[in-house]
Amino acid sequence: MPQTKFQNVVYTIIMALVMVYGMIVYNVALNTGGVSNATFLMALHEMPIMVPIAFVLEFFVVERVAKFLAFRLVKPTDRPIVIILAISTMIVCVMCPTMSLIATLLFKQPSFGTWVQTFGCNLPMALLWQLLYCGPLVRLIFRTLFRRQLQTQAQ
């Protein structure tokens, strides 16, 4: 996990890219009635809008809130994986309704019902995508990029 502010910025950028792309692919598939090769290309069109929004929200607001909420459930002395899973879950619980609201306002017919439906459809996918695929992949990429720095800091 990130140890410096620079590492945190890099980690958050990678997480925003991977998480947002996966969720956009999912939403495009929902809107078009299925997944095709074109779905993956169509998802790229929303990336320049949604990734910066996700980065700013995550970096400046959600990370602090998620850690606060997670440490109401776990202790700093718990196993690291338990802490990671708690924080990741809380990030999804805060980011999913927020990003669903933003997507509803930008890309759909805005209404309370549309937001609730978007949030309801996105939450299970966001949670599974984050905990089982995106999170582990991003942590692997991060550890690979910062292998030497992380080893030096551990010593």
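Notes on the structure in this doc start here.

Rules behind the numbers
Residues numbered from 1 in each chain as written. Predicted model: local features only at pLDDT ≥ 70, side-chain atom pairs only at ≥ 80, totals over all residues. Heavy atoms only, no water. Helix = DSSP H or I, 4+ residues; strand = E, 2+ residues; numbered from the N terminus. Rg over C-alpha atoms; globule rule 2.2 N^0.38 Å. Contact = heavy atoms within 4.5 Å. Areas by Shrake-Rupley, 256 points an atom, 1.4 Å probe, with all protein chains shown as cover. Lys, Arg positive; Asp, Glu negative; His and termini not counted. Charge placed at Lys NZ, Arg CZ, Asp CG, Glu CD. Expected span 1.5 Å × (residues − 1). Bend = angle between axes of the 7 residues up to and from the residue. Buried < 20%, exposed > 50% of the residue type's maximum accessible area, 1.4 Å probe, protein only. Salt bridge = Lys/Arg side-chain N within 4 Å of Asp/Glu carboxyl O.

Looking only at helices and strands, the chain has six helices and zero strands in total. Relative to the compact-globule value of 15 Å for 155 residues, the chain shows a C-alpha radius of gyration of 16 Å, a close match. Within the chain, residue pairs in contact and separated by at least 24 positions form 66% of the contacts whose partners lie at least 6 positions apart. As displayed, the chain has an accessible area near 9300 Å², and 70% of this comes from carbon and sulfur atoms. The positive charge centre, built from 11 side chains, and the negative charge centre, built from 4, are 8 Å apart in the chain.

A separate point is helix α5 (residues 112-145). Between its first and last C-alpha atoms α5 spans 42 Å; for 34 residues at 1.5 Å apiece the expected length is 50 Å, and the helix comes up short by more than 12%. Its maximal kink placed at Gln-130, α5 deviates by approximately 55°. All of the buried residues in α5 are Thr-118, Asn-122, Ala-126, Gln-130, Cys-134, Gly-135, Val-138, Arg-139 and Phe-142. On its buried face, α5 sits against α1 (5-32), α4 (80-107) and α6 (147-154).

Our next topic: the pattern of salt bridges. Per the stated rule, a full pass over the model turns up two salt bridges. We note a salt bridge from Glu-63 to Lys-67, for which the minimum N-O separation is 3.2 Å. Of this pair, Glu-63 and Lys-67 both sit in helix α3 (residues 47-70), separated by four residues, roughly a single helical turn. Note on Lys-67: relative accessible area 36%, which makes it partly exposed.

Turning to the environment of Ala-70, a few remarks are in order. Along the chain, the position of Ala-70 falls in helix α3. On the basis of relative accessible area, Ala-70 is assigned to the buried category, the value being 0%. As for Ala-70 and Leu-85, which are separated by 15 residues in sequence, their C-alpha atoms are 8.9 Å apart. Residue contacts for Ala-70: discarding those within four places in its chain leaves Ala-86, Ile-87 and Met-90.

This part takes up the side chain of Thr-118. Positionally, Thr-118 belongs in helix α5. Taking the relative accessible area as the measure of exposure, Thr-118 reaches 4% and is therefore buried. Once you skip the residues sitting within four places of it in the chain, Thr-118 turns out to touch Asn-27, Ser-100, Thr-104 and Lys-108.

Treat this as a map of the structure, not an account of what it does.
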